[in-house]
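A closer look at the structure
Residues per chain are reported as follows:
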Amino acid sequence: MINAMLYTYNDITKDVVESPDVCIIGSGAGGAVMADVLSGAGLDVVVLEEGGYYTKDRYSAYKPAVAMKILYRDYGATVAFGKNPIILPLGKAVGGTTVINSGTCFRTPDSVLRDWAQRFGVQNASTREMEPFFEQVEKTINVTRVSPEVLGKNGLVFKRGADALGMSNGMLMHNMINCHGCGRCAFGCPHDAKQAVHLNFIPSALEQGARVYANARAEVITLEAGRVTKIQGSILNEQTGNRLFNLRVTPKLLVLAAGAIYSPYILQKNSIRLNAELGKNLTIHPAVRVTALFDEIIQGYKGVPQGSYVDAYASEGIMLEGIFVPPEIGLPVLAPIGKENKEAARRYDHLAAFGVMVSDKNSYGSVKVGIDKRPFITYHFDPHDFKKLVKGIALAAEIFFAAGARTVNTGIFGFREFTSPDDVAQLFTKKVPVTSVEMMAFHPLGTARMGEVRDHTVVNSYGKVHGLDNLFISDGSIFPTSLGVNPQVTIMSFALRNAQYIADHKGAFFA
Amino acid sequence: MAVKELKVFDQKMYSIVRAIAETIIPPGGAFDVDPQAVDPVLLFDNYIDGLSRLQLKAIRAIISAIEYAPLVTRLTRFTKMSPDQRLSYLQGWEKSRILSKRNIFLLLKMLIMMSYYSDDTVAEAIQYHPECLIND
Ligand SMILES: Cc1cc2nc3c(=O)[nH]c(=O)nc-3n(C[C@H](O)[C@H](O)[C@H](O)COP(=O)(O)OP(=O)(O)OC[C@H]3O[C@@H](n4cnc5c(N)ncnc54)[C@H](O)[C@@H]3O)c2cc1C
Ligand code: SF4
C-alpha cells in the first residue's frame, strides 16, 4: 500500500459508506488527473476503481499472457463487432489503461482542436489556450523523447527504411524516466519507468487526502430532480470477482471517468440516456500490425516496443508507429498451424513489426447495453477509411523492403507473404475485403461528445453533462472526433483543464 | 495427467484439446521439447479459469464442434483421425472463407499457442531471451 488511503479488497472488512464532495468513477487517464486537481483544491474526493491495485513488484512477476488476464478487461479481448470484429483492449487497474499502454505521447493536433471549435462549438480550447495544460501534464508524467539506447533494433530498421525512401520519421515522445528498454510496456512496466498515472497523479491525490478504493465497482447511479444523489456498487474479491461488500457513496458531484466504453455503458444501464448522442460516435483509431523477416538479427522484443514513427502521411490520417509483442502474443496471429509455426518461432529473433493506424473520419461505432447486460460495442468501418488502412499497410511493406526485409507479412487473409517490393502493388490491384484484415484498436473515444451544439453533444466544453448540474464526464468519451494520434495526453490535459474549471467554480458546485 | 490439476476441462475435453494442440504445434520440426515437460492444455485450462460461465460454455462449444463436426463430413471424430487428416481438417478451419469460422478457430489457436509459447522450456528452445537493453 502506498498510502493509508488507498484501499483494496484486502483492507475492507465491512460495507463502505462515503459522503464526499466529489466521487470519481474510474482511475485512468481522465479520473486520476481529476482526483489530483480536485483534492488539491481542498475538496474531499473519493475514487472508485473496479480494477485492482498493482505495483511493479506484482506485475514484473507476470508473464505477458498472465498480465493480460489480470490487468486487462476480458483478458485483453474486448471486441467491437461489425463486418469484421476488431479487438479493442482496455485496461482495468488503479491507473486504468495507462498502466498497460505503450507510453506514447502526442499533444492534440491543432487542426483537430480547430475542427472541434468550428463544428461542435467547443469553447476556450485552442492550441494556445491548451498550452499550459499540455505543459503541466507533460511535466507531471515526464514526457521525453525515446533515446536511441532504448529504441531497439525494431525501431532502427524501420527508421532505416523510411530514411531510404525519404519519408518523414522520428523517435516518439514517451512518458518515462530511466527506461531500460525491456519491451514490456503493454504488460505493466517492471521498472516503474513508464509514468502511468498510478505513479504520479494518484499518489499526489492520496497525499492531498483523496481516498481511492480499488476492486470497487460502481453499479447504480441514482438521479433525483436532475441531480446525481447516490452511487451504489460492490467491493469485489480480486481473485474470484465475487461481491464481498456493498458500496454507497452520496457525493455532491460525480465525475464519470470509466473510459469511452464504460462511461456511456454505466449511464445507459441505469437508464440515464442524457440525449440521443450518448454511446454513439465511437471512434477507435483502427490498427494493424505488419511483420517482416530479416536476415539480420532484430530481437524486436528488446527495446521500447513503440519507439519510433513515420508521419509522412499523417495529413491523410495514416500514422505508422512501432509495435512489437513477445512470441506468445505475436505467433498465434502470425504463423499458420503445423510445423510452419515452429519455424516462425525459431525465426522470431529475425522479425520486425510496425503498426499502422488510421483516423476514423467516416467510420463510426456505438456502445449499448447488450442482451447479456454487458457492453455491446459495434463499429462500422467506412470503405474510405479502410482504403487508407490498406495504403498504410502498403507503406509499411515498402519501408520494410527498403530496410532490407526478405519477406513481409501483411496479415491479410488470402495474400501470401510478399517477397519483393513489386508484390506490394497487389494491395491496390486486387480486392482487399474488410473481412480479410485482422485488426485491433487501442484508442476508443467520442461516445459522449463535448461542445455547445447541444443536439450533437452530450457534455459542454468543460465536460459537464448538458442539463444536469452535478455530473461531469472526464475520459476518452468526450472527444468529438478521432485525434489521429495517441490520446492519453489529450485526455489528461482536458481533465486538468476541466478539473480546474470545477475548482474555480467551487461556489457553484459545492454550495 | 492428473485430473485434479484441471480447473475447467474434464478428462475427455482435455484429450480433445490435447489432440488439437498436438496438431497446431506438432512434435518435431524446427525445434522440439519434451512433451512431458510442457503441457499447454493444462496451462490453457488454468488460464481460462476465471472467465464467465457463458464464456467457458462458448469455449467448450468450440472444442466440441471441432471434435464432432467431422462426423457429418468425414464420418469420424477429430480424435479418431490420423495426424495428417487432423492437420488438413484444422487447416480447413484456419483458412475457411467464412470469417466467423476463421475467428472461432483463431481464438482457440491463440489460447493454445499462447499457453505453449509462454512456457519457459519452449522459450529456451526457441532461444527467446527477453532482456533489458540497459541494466541498472
Ligand atoms: C495496449 C494499449 C496501448 C496504448 N498505448 C497508448 C499510447 O502509447 N499512448 C496513448 O496516448 N494512448 C495509448 N493507449 C490508450 C490510452 O491508454 C487510453 O486512451 C487512456 O488511458 C484512456 O483513458 P480514460 O480515462 O478514458 O480510461 P482508462 O484509462 O481506461 O480508465 C478507465 C478506468 O475506469 C475503470 N472503470 C470502468 N468502469 C468502472 C466502474 N463501473 N466502476 C469503477 N471503475 C470503473 C476501469 O477499470 C479503468 O481503470 C493505449 C491503449 C492500449 C489498450
Ligand atoms: S521499455 Fe520497459 S522499462 Fe521502458 S517503459 Fe517500457 S516497460 Fe518500462
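Every chain's residues receive numbers from 1 upward, in the order its sequence appears when written. Written order determines the labels here, with chains lettered from A and ligands numbered from 1. Local features are withheld for residues below a pLDDT of 70 in this predicted model, meaning they are given only at 70 or higher, and side-chain atom pairs are given and counted only at 80 or more; totals for whole chains, interfaces and linings count all residues. With hydrogens and water set aside, each side-chain value is computed from the structure's full complement of heavy atoms.

Some points on the overall build of chain B
Under the convention used in this document: Helix and strand assignments come from DSSP, with helices taken as H or I runs of at least 4 residues and strands as E runs of at least 2, each series counted from the N terminus. Burial classification: accessible surface area is computed with a 1.4 Å probe over protein chains only, and a residue below 20% of its type maximum counts as buried, one above 50% as exposed, and the rest as partly exposed. We call two residues contacting when some pair of their heavy atoms lies within 4.5 Å. All accessible areas in this document rest on Shrake-Rupley with a 1.4 Å probe, and a residue is counted as covered only by the protein chains that are shown.
Scanning chain B from terminus to terminus reveals seven helices and zero strands. Ordered by position in the sequence, the α and β elements of chain B form the string α-α-α-α-α-α-α. Projecting the C-alpha coordinates of chain B onto the three principal axes gives extents of approximately 60 × 35 × 30 Å. Classification of the 136 residues of chain B by burial places 46% in the buried group. Long-range pairs, those at least 24 residues apart, make up 66% of the contacts in chain B with a sequence separation of at least 6. Here chain B displays about 7,100 Å² of accessible surface, and carbon together with sulfur accounts for 56% of that area.

Quick look at the nonpolar core
All names here are of chain A. We apply this condition: The set of buried Ala, Val, Leu, Ile, Met, Phe, Trp, Tyr and Cys residues whose side-chain atoms join them within 4.5 Å is what this entry labels a nonpolar core. For the purposes of this description, domain bounds are those given by an automatic or database domain assignment.
Core analysis: the biggest nonpolar cluster contains 89 residues, and Leu48, Trp116 and Ile231 have the highest contact counts within it. With eight residues, the top contributor of residues to this core is helix 13 (residues 488-504). Formed jointly, this core draws a minimum of three residues from each of two domains, domain 1 (6-54 + 93-101 + 106-140 + 196-280 + 445-509) and domain 2 (145-186 + 284-441). Leave out the neighbours within four places in its chain, and Ile231 touches Cys23, Ile25, Leu48, Ala218, Val220, Ile221, Leu247, Arg248, Val249, Pro251 and Leu254.

Considering the site of ligand 1
All names here are of chain A. Put simply, the rule reads: Residue proximity to a molecule or strand is established when one non-hydrogen atom of the residue lies within 4 Å of it. In protein, a polar contact requires one atom able to donate a hydrogen and another able to accept it; more generally it is a pair of N or O atoms within 3.5 Å, and residues adjacent in sequence count only if both atoms are side-chain atoms.
The full set close to ligand 1 counts 39 residues, and Glu49, Thr97, Thr104, Gly476 and Gln488 are the nearest of them. The separation between an oxygen atom of ligand 1 and a polar side-chain atom of Glu49 is 2.7 Å. Within the backbone of Ala93, an N or O atom sits 3.3 Å from an oxygen atom of ligand 1. A total of 1,000 Å² of accessible area belongs to ligand 1 in isolation, and the protein chains cover 96% of it.

Some points on the site of ligand 2
Selection criterion: Under the grouping applied here, Gly and all other residues not named as nonpolar or charged are polar, the nonpolar ones being Ala, Val, Leu, Ile, Met, Phe, Trp, Tyr, Cys and Pro and the charged ones Asp, Glu, Lys and Arg.
Neighbouring ligand 2 are 13 residues, the closest being A:Cys179, A:His180, A:Cys182, A:Cys185 and A:Cys189. Considered class by class, the residues forming the shell around ligand 2 number seven nonpolar, four polar and two charged.

Things to note about the pairing of strand 15 (residues 286-293) of chain A
Consecutive side chains along a regular strand alternate between the two faces of the sheet. All names here are of chain A. Worth spelling out the cut-off: Two strands pair if DSSP finds at least two bridges between them.
Burial of strand 15 is extensive: seven of the eight residues sit out of reach of the surface. Where strand 15 and strand 22 (residues 440-441) come together, two bridges link them in antiparallel fashion. Paired with Pro286 across the bridge in strand 22 is Ala441. As paired strands, strand 15 and strand 18 (residues 351-358) are joined by seven bridges and run antiparallel to one another. Pairing of Val290 across the sheet is with Phe354, part of strand 18.

A short note on the sheet that holds strand 3 (residues 22-25) of chain A
Two orientations exist for strands paired in a sheet by backbone hydrogen bonds: parallel and antiparallel. All names here are of chain A. Spatially, the six strands line up as an open sheet ordered 1-10-4-3-14-23, and their pairing is parallel. Two strands bound the open sheet, and with one partner strand each, they are strand 1 (6-7) and strand 23 (471-473). In the sheet, strand 14 (residues 253-256) pairs with strand 23 via three bridges, with the strands oriented parallel. Across the sheet, residue Leu254 finds its bridge partner in strand 23, namely Leu471.

Here's the deal with the pattern of salt bridges
All names here are of chain A. For clarity, the threshold we go by: A pairing counts as a salt bridge when a side-chain nitrogen of Lys or Arg comes within 4 Å of a carboxyl oxygen of Asp or Glu.
For the structure on display, the rule yields 27 salt bridges over all chains. A salt bridge links Asp21 to Lys252; the nearest nitrogen and oxygen atoms lie 3.1 Å apart. Residue Asp21 is found in the loop between strand 2 (16-18) and strand 3, and its partner Lys252 is found in the loop between strand 13 (243-249) and strand 14; the two are separated by 231 residues along the sequence. Among the residues examined, Lys252 registers a relative accessible area of 37% and is labelled partly exposed. Between Glu50 and Arg217 there is a salt bridge, and its shortest N-O distance comes to 3.6 Å. Of this pair, Glu50 sits in the loop between strand 4 (45-48) and helix 2 (56-59) while Arg217 sits in strand 11 (residues 216-224), placing them 167 residues apart in sequence. Note on Glu50: relative accessible area 18%, which makes it buried. On the basis of relative accessible area, Arg217 is assigned to the partly exposed category, the value being 30%. Bridged by salt links that share partners, the residues Glu50, Arg73, Arg217, Glu219 and Arg243 form one connected network.

Quick notes on unusual backbone geometry
One non-glycine residue, A:Asn178, lies in the positive phi region at around 55 degrees. Position of A:Asn178 relative to the elements: it lies in the loop between strand 9 (173-175) and helix 7 (201-207). The phi dihedral of B:Leu75 falls on the positive side, at around 55 degrees, and the residue is not glycine. Along the chain, B:Leu75 turns up in the loop between helix 4 (70-73) and helix 5 (83-94). Given a relative accessible area of 73%, B:Leu75 falls into the exposed group.

As for the interface of chain B and chain A
The following threshold applies: Here the quantity called buried area is the total loss of accessible area, with a 1.4 Å probe, experienced by two parts when brought into contact, counted for both.
Counting residues at the interface gives 49 residues for chain B and 43 residues for chain A. Both faces considered, chain B and chain A share a buried interface measuring about 3,800 Å² in area, 62% of it formed by carbon and sulfur atoms. Linking chain B to chain A there are three salt bridges. Between B:Asp32 and A:Lys342 there is a salt bridge, and its shortest N-O distance comes to 3.6 Å. One can count 23 residue pairs in polar contact (both at pLDDT 80 or more) joining chain B with chain A.

Some thoughts on the packing of aromatic side chains
Residues and elements named next belong to chain A. As a reminder, the rule being used: Centre distance within 6.5 Å is the pairing criterion for rings of Phe, Tyr and Trp, where only the six-membered ring of Trp is used; planes under 30 degrees apart are then read as stacked, over 60 as edge-to-face, and the remainder as tilted.
One pass over the structure, following the stated rule, counts 20 aromatic pairs over all chains. Ring geometry for Trp116 versus Phe479: centroids 5.5 Å apart, planes at 25 degrees, classification stacked. Of the two residues, Trp116 sits in helix 4 (residues 110-120) while Phe479 sits in the loop between strand 23 and helix 13, which places them 363 residues apart along the sequence. With a centroid separation of 6.1 Å and an interplanar angle of 70 degrees, the aromatic rings of Phe294 and Phe400 are classed as edge-to-face.

Some details on the packing of helix 10 (residues 339-346) of chain A against helix 6 (residues 99-118) of chain B
To be explicit about the condition: Every angle, taken between N-to-C directions, lies between 0 and 180 degrees, and every axis is a line fitted to C-alpha atoms, over only the stretch in contact when it is a helix. Each angle is binned into one of four classes, with values under 35 degrees roughly parallel, values over 145 roughly antiparallel, values of 65 to 115 roughly perpendicular, and all other values oblique. In this scheme, a crossing is called left-handed if the near helix is turned counterclockwise away from the far one by less than a right angle; it is called right-handed if the turn is clockwise.
Packing of helix 10 of chain A against helix 6 of chain B brings their axes to within 13 Å, and their N-to-C directions diverge by 45 degrees. Put simply, helix 10 of chain A runs oblique to helix 6 of chain B. Considering how the two elements wind past one another, helix 10 of chain A and helix 6 of chain B form a crossing that is right-handed. Counted together, A:Asn341, A:Lys342 and A:Ala345 of helix 10 of chain A and B:Met113, B:Tyr116 and B:Tyr117 of helix 6 of chain B form the full contact between these two elements. Within the contact of helix 10 of chain A with helix 6 of chain B, the residues separate by chemical class into four nonpolar, one polar and one charged.

Any functional reading would require information that these geometric values do not contain.
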